Amino acid sequence: MKSLKLVAGLLASAALPSAASATDLEVTHWWTSGGEAAAVAEFAKAFDATGNKWVDGAIAGSGDTARPIMISRITGGDPMAATQFNHGLQARELVEAGLFRDLTDVATKENWAGLVNPPTLLENCTLDGKIYCVPVNIHSWQWLWLSNAAFEKAGVAVPANWNEFVAAAPALEAAGITPLAMGKQPWQQAGAFNVLMVGVGGPELFLKVYRDKDAEFAAGPEVAQVFKAADDARKMAAGANVQNWNEATAMVISDTAGGQIMGDWAQGEFQVAGETAGTDYTCLPGLGLHEVISTGGDAFYFPVLQDAEQSAAQEVLASVMMSPETQVAFNLKKGSLPVRGDVDLATANDCMQKGLKILADGGVIQSSDELIDPDSTTQINDLFAQFFSDMSITPEDAQKRFAELIAAAQ
Amino acid sequence: MADDTRPNRLFKNLNAKIASIPMILTAVVVFLGGTIWTVVYSFTDSKLLPRTNFVGFQQYERLWSAPRWLISIENLAVYGVLALILSFVIGFLLAALLDQKIRFEDTFRTIFLYPFALSFVVTGLVWQWILNPDFGIQHIVRSLGWESFTFDPLYNADVVLYGLLIAGIWQGTGLVMCLMLAGLRGIDEDVWKAARVDGIPTWKTYLFIVIPMMRPVFITALVIVASGIVKLYDLVVAMTGGGPGQASEVPAKYVYEFMFRAQNLGQGFAASSMMLLTVAIILIPWAYLEFGGKRRV
């Protein structure tokens, strides 16, 4: 009951500002870390410049905390003007239930279909030929962030791929450095596993498991290799006593950990800390083995509103988010890649250039958010939460359970 | 004639009946209606939004084969039994000590009851800091010179439940103590005098005379404490988030996460129906014994 009151209190405090003026738009999102907050401020600035007012509805915690609050507000009849979701299957049922407005007019007018690259991003926003969301960035999970100073201290060369990293782990440990920083939250642990699946196993293996949902293959010897790598990872991460992802990134920044498997949003943290790609830290897309990135990311959805002025302002916001200037400003701060193929990112750093090049070469796969529904994701997260914290679960047992979940996935 | 002498029973105490209509409606519509709705929809494959596509016992089969649910049930059983026993023993001992006509009784009573005024979220956060190895007890003892001292219950999967228990007992014991104290004060002074005349030692008087006389107080305390245990959620979220791994998962958290995070209402409803069933299995025989018996007398 107390938690309900807490949620109700949060809702009440978030709902109050929306009543102030007609062209105030309340936008909810879960971007609260240093780098993320700096990025979202770019959206607010650009939208305020159009004469409207961005009312920030940041919800602290991760997306796992924020999404239930957003969904209950939308289904409970108190919608915000715009809200973040990861593009993919998270909001599909809400779209099917007609709770989000159709943005096809704006999209056709501005020719989004011709601009958005890769096109799968817009396809994920489309239902029955109508567009329901604005993709704003491309985030990829498949990155290994390494602290150059940590390896220097341990007296080994900065690894060029995952295998070298595993080989360097004993030297790091001898120097009192935790080889792998990993927050003890299920989404991070399952996320790291999926990265190992792409990096160690390769993109075909990843798609065969998550897209084709081939349970027999998931129980087979190729995937066993990935579980072997995950076993290495959990041993290397045993000394990391942190919860949140940015605390784990801070370990890499402060050189108390050798590296971290984390999506490119970690880049924002390095930037806020004033570190330079290449000299202070090294990034390896696809763990340096298979240079492929997934094209998940964030998208904004606009609930159906009764107020005509607010509805008009929603269209302005959608078009602001897609405009080339905002795309560049936002994504530079966020450390993510723009959704438009036609913008100039010459000021992007070393790591982002690597990402852009992979994107231009077409080395992309769909993210797991786009391939399996949140129900299966939760079950897989649960499995890896157990696997990474309980050393008595063998990789073989975990693989057997993983294959069962894949068989039941939709 | 009959109408004049005996007014219709329906209109007796009319004011009181009208006044209780809102509560009756709330009970029927919100509690009973909501419960039935939940149980019915637990037999569907509802995802993010409820829908009436019935799938039989499929959600329950999945529930009882989910390792996380089984861990949750086991955790709740361990926590529940220990929390119940400890809060009763400690609560009664404190009450008995306060009952010795000591000085500053009000002060002590206030101190012991204060934790109950804090919500579980606040309790959980405070104890999370106290038990955190980098800021809390472990850090203090180590800075005093015992370098090898280790006390990090929340980071050790084997003992994390006891870490939760410390906070739960700290928060809940004061209430049990107050209820017990009220019960002790309700015991007639003559009982004590009679026991003293018969030369019965104090501890025996407590154990064999006073406690059996306090049965109603014990039952009230039992219901309050037990219902608090079954819905245990906020303490876990504030202190461990279910971790490390899944070592401190509880059923209420499973329900919440499957309903809202995993967007699988059917699974969440099935889990909450199981929680209801467990409570009903305990409550119905007790209510029958307690209230059914009296009516016959």
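The model shown is predicted, which means the values in this text are computed figures rather than measured ones.

A. Examining the overall build of chain A more closely. For chain A, the count of helices and strands is 21 helices and 13 strands. Here the C-alpha radius of gyration of chain A, 21 Å, is about what a compact globule of 410 residues would show, namely 22 Å. For chain A, the spread of C-alpha atoms along the principal axes amounts to about 65 × 45 × 45 Å. For chain A, the proportion of its 410 residues judged to be buried stands at 51%. Long-range pairs, those at least 24 residues apart, make up 77% of the contacts in chain A with a sequence separation of at least 6.

B. Looking closely at the overall build of chain B. On a plain count of helices and strands, chain B comes out with 14 helices and 0 strands. In sequence order, the secondary structure elements of chain B are arranged as α-α-α-α-α-α-α-α-α-α-α-α-α-α. Expected size for 297 residues packed as a compact globule is a radius of gyration near 19 Å; at 25 Å, chain B overshoots this value by more than 25%. In terms of principal-axis extent, the alpha carbons of chain B reach across some 95 × 70 × 30 Å. Every one of the 297 residues in chain B was classed for burial, and the buried ones make up 32%.

C. View of the confidence of the model for chain A. Summary statistics for chain A give a mean pLDDT of 87 and a share of 94% for residues scoring 70 or more. For the stretch residues 6-21 of chain A, pLDDT sits under 50, and the model shows 14 contacts to residues farther than four places along the chain or on other chains.

D. Just the packing of helix α10 (residues 186-201) of chain A against helix α11 (residues 203-210) of chain A, in detail. Residue and element names in this part refer to chain A. Where α10 contacts α11, the two axes come as close as 6 Å, and the packing angle between them is 135°. Taken together, the axes of α10 and α11 are oblique relative to one another. Residue-level inspection shows Met-197, Val-198 and Gly-201 of α10 in contact with α11, the latter providing Pro-203, Leu-205, Phe-206 and Val-209. Grouping the constituent residues of the contact of α10 with α11 by class yields 6 nonpolar, 1 polar and no charged.

E. Inspection of the interface of chain B and chain A at higher detail. Tallying the contact residues gives 22 residues for chain B and 20 residues for chain A. Going through the elements one at a time, α6 (120-131), α12 (234-239) and α13 (251-261) of chain B are the ones with two or more residues in the side of chain B that touches chain A. Considering each element in turn, the side of chain B that touches chain A owes the most residues, 3 residues, to α13(B). Among the residues making up the side of chain B that touches chain A, the classes are represented as 11 nonpolar, 6 polar and 5 charged.

F. Highlighting the domain arrangement of chain A. Residues and elements named next belong to chain A. The domains assigned to chain A are domain 1 (22-139 + 296-361) and domain 2 (143-294 + 372-408). Summarising the inter-unit geometry, the C-alpha centres of domain 1 and domain 2 are found 28 Å apart. Listed as interface residues are 21 residues of domain 1 and, on the opposing side, 19 residues of domain 2. Elements with a minimum of two residues in the side of domain 1 that touches domain 2: α2 (34-48), α17 (324-334) and α18 (350-360).

G. Inspection of the sheet that holds strand β8 (residues 178-181) of chain A at higher detail. Residues and elements named next belong to chain A. An order of β8-β9-β7-β10 is seen for the 4 strands of this open sheet, with the pairing classed as mixed. The sheet is open, and its two edges are formed by β8 and β10 (281-285), each paired on a single side. On average, each strand axis in the sheet is tilted by 20° relative to the strand beside it, whichever way the strands run. The sheet contact formed by β8 and strand β9 (residues 257-261) spans 3 bridges and is parallel. The partner of Thr-178 across the bridge, within β9, is Ala-257.

H. Region of the structure containing the nonpolar core. In this structure, A:Leu196 and A:Tyr301 are the most contacted members of the largest nonpolar core, which totals 155 residues. Top element by residues in this core is α10(A). It accounts for 8 residues. For this core, the domains that each give at least three residues are domain 1 (22-139 + 296-361) and domain 2 (143-294 + 372-408) of chain A. Sequence-distant contacts of A:Leu196, that is, excluding residues within four places in its chain, are made with A:Val226, A:Ala229, A:Ala230 and A:Ala233. B:Phe92, B:Leu98, B:Val176 and B:Ala221 belong to the second-largest nonpolar core, a separate cluster that totals 16 residues.

I. Expanded view of the pairing of strand β12 (residues 298-301) of chain A. Residue and element names in this part refer to chain A. Going residue by residue along β12, you find Asp-298 and Phe-300 tucked away on one face and Ala-299 and Tyr-301 tucked away on the opposite face as well. Alignment of strand β6 (residues 133-135) against β12, held across 3 bridges, turns out to be antiparallel. Across the sheet, Val-134 pairs through a bridge with Phe-300, a residue of β12.

J. Quick peek at the sheet that holds strand β2 (residues 53-58) of chain A. Residues and elements named next belong to chain A. Within the open sheet, the 5 strands sit side by side as β2-β1-β3-β12-β6. Their pairing is mixed. Looking along the sheet, the strands with just one partner apiece sit at the ends: β2 and β6. Along the sheet, successive strands turn relative to each other by an average axial angle of 25°, direction set aside. Bridge count for strand β1 (residues 24-29) against β2 is 6 bridges, and the pairing is parallel. If you follow Val-27 over to β2, its bridge partner there is Asp-56. Packing of α2 onto the sheet brings it into contact with β1 and β2, and relative to β2 it is tilted by some 155°. Its contacts with the sheet place helix α16 (residues 308-322) against β1, β3 (82-86), β6 and β12, and it is angled at close to 55° to β1.

K. Spotlight on helix α21 (residues 395-408) of chain A. Compared with an ideal rise of 1.5 Å per residue, which puts 14 residues at 20 Å, α21(A) spans 20 Å between its outermost C-alpha atoms and is within 8% of the ideal. Packed against the buried residues of α21(A) are α11, α12 (215-218), α13 (221-236) and α20 (374-389) of chain A.

L. Spotlight on the confidence of the model for chain B. Residues and elements named next belong to chain B. Summary statistics for chain B give a mean pLDDT of 87 and a share of 96% for residues scoring 70 or more. Within chain B, the element-level pLDDT minimum falls on helix α1 (residues 2-5), averaging 53, and the maximum on helix α4 (residues 67-98), averaging 93. Overall fold confidence (pTM) sits at 0.77, and the ipTM for the predicted complex is 0.71.

Thresholds applied
- Residues numbered from 1 in each chain as written.
- Chains lettered and ligands numbered in written order.
- Predicted model: local features only at pLDDT ≥ 70, side-chain atom pairs only at ≥ 80, totals over all residues.
- Helix = DSSP H or I, 4+ residues; strand = E, 2+ residues; numbered from the N terminus.
- Rg over C-alpha atoms; globule rule 2.2 N^0.38 Å.
- Buried ≥ 20, exposed ≤ 12 C-beta atoms within 10 Å, placed from the backbone.
- Contact = placed C-beta atoms within 7 Å.
- pLDDT = per-residue confidence, 0-100.
- Axes fitted to C-alpha atoms, helices over the stretch in contact; angles between N-to-C directions.
- Parallel < 35°, antiparallel > 145°, perpendicular 65-115°, else oblique.
- Nonpolar A, V, L, I, M, F, W, Y, C, P; charged D, E, K, R; others polar.
- Domains from an automatic or database assignment.
- Pairing = 2+ DSSP bridges.
- Core = buried A, V, L, I, M, F, W, Y, C linked by C-beta atoms within 7 Å.
- Expected span 1.5 Å × (residues − 1).

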